[in-house]
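Descriptive analysis of the structure
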Amino acid sequence: MRQTLVVGNWKMNGSRADNAALLAGLKAGIATIKKTAVAVCPPFVYLSEVATALDGTPIAWGSQNISDQLSGAFTGEIAGSMLKEVGCTYAIVGHSERRSIYKESDADVAKKFAAARKIGLIPILCVGELLEEREQGITEQVIGRQLDAVIALEGVAALSDAVIAYEPVWAIGTGKTASPEQAQDVHAFIRRKIAALDKAVSERVQILYGGSVKGSNAKELFAKPDIDGGLIGGASLIVDDFLNICSAGE
Ligand code: PEP
């Protein structure tokens, strides 16, 4: 039985004051969340403060990105060892904003996935199709290609210590959520694809859905057999909304 996981991706939002208020609210409300694992991914610069605030609570934290390099002359990059040092459990890799705005290729994302694993971080590998790709009927081809890049570099067994987040790009930050059936279809495809290589890994890997998840739709999404929780953007910045989503997994 896979545990439900809800991860908040704060993106480039927040301030010391905003974060303190958000974390205080989460800490006060987390006692009601018994079965669902919860994590937040703040901007890098706040990770230390978030670590201090969340230390000793059941809420984990992670980064939104990671360098594919271990250390050295890579100005502006953040190494996995640094993330580990501030207590990160997770590192998001291949978010669609990284792929589309910063032109990260499937191969770049695979290298970041490998860097996270090498240092003992759990990569949250984001995959998802653009609206035009869905309309062309090539959703599975696109997601298959994104997964294959990681499997080719790290092997399918690497996915058993990883999380996959299916995030249709047309649903991120747009208010348009994939229907639970649309999301389940893609999640089932991902699990089938992995099962063809290794059934045990396919049964173990958590596959999150991301894209305009709200308190009002989370329960129906998380009830689907292959949806193991959510990667939450906008709604993770509002205490009550995020806690409502977390409680949908209970
Ligand atoms: C995300 O950024 O990963 C995301 C799913 O955003 P939102 O929930 O705002 O659509």
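For the structure, see preceding data.
Read on for a plain summary of the structure. These numbers come from a predicted model, not from an experiment.

**Examining the overall build of the protein chain**
Summing up its helical and strand segments, the protein chain has eleven helices and eight strands in all. Principal-axis analysis of the C-alpha atoms gives the protein chain an extent of 45 × 45 × 35 Å. Split into buried and exposed, the 250 residues of the protein chain put 53% on the buried side. Residue pairs at least 24 apart in sequence account for 73% of intrachain contacts in the protein chain once pairs closer than 6 positions are excluded. Taken as a whole, the protein chain presents about 11000 Å² of accessible surface, with 54% of it coming from carbon and sulfur. Each charge sign in the protein chain was given a centre, from 25 positive and 29 negative side chains, and these centres are 2 Å apart.

**Here we look at unusual backbone geometry**
The residue Lys11 is not glycine, and still its phi comes out positive at about 50 degrees. Tracing the backbone shows Lys11 in the loop between β1 (5-9) and α1 (16-29). With phi around 55 degrees, Lys103 is a residue other than glycine that occupies positive phi space. As for its placement among the helices and strands, Lys103 is situated in the loop between α4 (96-101) and α5 (106-118). The exposed category is assigned to Lys103, whose relative accessible area is 65%.

**Remarks on the site of the ligand**
In the region of the ligand, 14 residues are neighbours, and Lys11, Glu167, Gly173, Ser212 and Gly234 sit closest. A distance of 2.7 Å is found between an oxygen atom of the ligand and a backbone nitrogen or oxygen belonging to Gly173. Note that an oxygen atom of the ligand is positioned 2.8 Å from one of the backbone N or O atoms of Gly234. Computed on the free molecule, the ligand has an accessible area of 290 Å², of which 95% lies beneath the protein chains in the complex. By residue class, the composition of the shell around the ligand is four nonpolar, eight polar and two charged.

**Looking at helix α7 (residues 139-154)**
In this model α7 runs 23 Å from its N-terminal to its C-terminal C-alpha over 16 residues, within 8% of the 22 Å that 1.5 Å per residue would give. Contacts made by the buried residues of α7 are with α4, α5, β5 (122-127), α6 (131-135), β6 (163-166) and α8 (180-195). After α7 finishes, the residue Gly155 shows a positive phi value of roughly 85 degrees.

**Considerations on the sheet that holds strand β3 (residues 59-63)**
As summarised here, the arrangement of the eight strands in space is β1-β2-β3-β4-β5-β6-β7-β8, forming a closed barrel in which the pairing is parallel. Averaged over all pairs of adjacent strands, the angle between their axes in this sheet comes to 25 degrees, without regard to strand direction. Most of the contacts of α5 go to β5, to which it runs at about 160 degrees, and overall it touches β4 (90-93) and β5. Against the sheet, helix α11 (residues 239-247) engages β1, β2 (37-41) and β8 (229-232), with an angle of about 160 degrees to β1.

**Remarks on the nonpolar core**
Residues Leu159, Ile164, Ile190 and Tyr209 are the most contacted members of the largest nonpolar core, which totals 64 residues. Those residues in contact with Tyr209, other than ones at most four positions away along the chain, are Tyr166, Pro168, Ala171, Thr177, Ala178, Ala183, His187, Leu221, Ile227, Gly229, Gly230 and Leu231.

**Topic: the pattern of salt bridges**
Inspection of the entire model under this criterion finds 17 salt bridges. Of the charged contacts in the structure, one is a salt bridge between Lys112 and Glu104, with a shortest N-O distance of 2.8 Å. In this structure, Arg117 engages Glu154 in a salt bridge whose closest nitrogen and oxygen atoms are separated by 2.9 Å. Of this pair, Arg117 sits in helix α5 while Glu154 is found in helix α7, placing the two residues 37 residues apart along the sequence. What you see here is one network of salt bridges that share partners, running through Arg2, Arg191, Asp226 and Asp228.

**Quick look at the packing of α7 against α8**
Close contact between α7 and α8 brings their axes to 11 Å; oriented N to C, the two are set at 45 degrees. Relative to α8, the element α7 is oriented oblique. Crossing of α7 over α8 shows right-handed handedness. In this structure, α7 contributes Thr139, Glu140, Ile143, Gly144, Leu147 and Asp148 to the contact, and α8 contributes Val186, Phe189, Ile190, Arg192 and Lys193. Classifying every residue of the contact of α7 with α8 by side-chain character gives five nonpolar, two polar and four charged.

**Some remarks on the state of the cysteines**
Inspection of every chain in the model, using the stated rule, returns zero disulfides. Note on Cys41: no disulfide assigned, nearest cysteine sulfur contributed by Cys88 at a separation of 7.6 Å. No disulfide involves Cys246; its sulfur sits 12 Å from that of Cys41, the nearest cysteine.

Definitions and cut-offs
Residues numbered from 1 in each chain as written. Predicted model: local features only at pLDDT ≥ 70, side-chain atom pairs only at ≥ 80, totals over all residues. Heavy atoms only, no water. Helix = DSSP H or I, 4+ residues; strand = E, 2+ residues; numbered from the N terminus. Buried < 20%, exposed > 50% of the residue type's maximum accessible area, 1.4 Å probe, protein only. Contact = heavy atoms within 4.5 Å. Areas by Shrake-Rupley, 256 points an atom, 1.4 Å probe, with all protein chains shown as cover. Lys, Arg positive; Asp, Glu negative; His and termini not counted. Charge placed at Lys NZ, Arg CZ, Asp CG, Glu CD. Near = heavy atom within 4 Å. Polar contact = N/O pair within 3.5 Å; in protein donor to acceptor, adjacent residues only side chain to side chain. Nonpolar A, V, L, I, M, F, W, Y, C, P; charged D, E, K, R; others polar. Expected span 1.5 Å × (residues − 1). Pairing = 2+ DSSP bridges. Axes fitted to C-alpha atoms, helices over the stretch in contact; angles between N-to-C directions. Core = buried A, V, L, I, M, F, W, Y, C linked by side-chain atoms within 4.5 Å. Salt bridge = Lys/Arg side-chain N within 4 Å of Asp/Glu carboxyl O. Parallel < 35°, antiparallel > 145°, perpendicular 65-115°, else oblique. Left-handed = near helix turned anticlockwise from the far one by under 90°. Disulfide = S-S within 2.5 Å.

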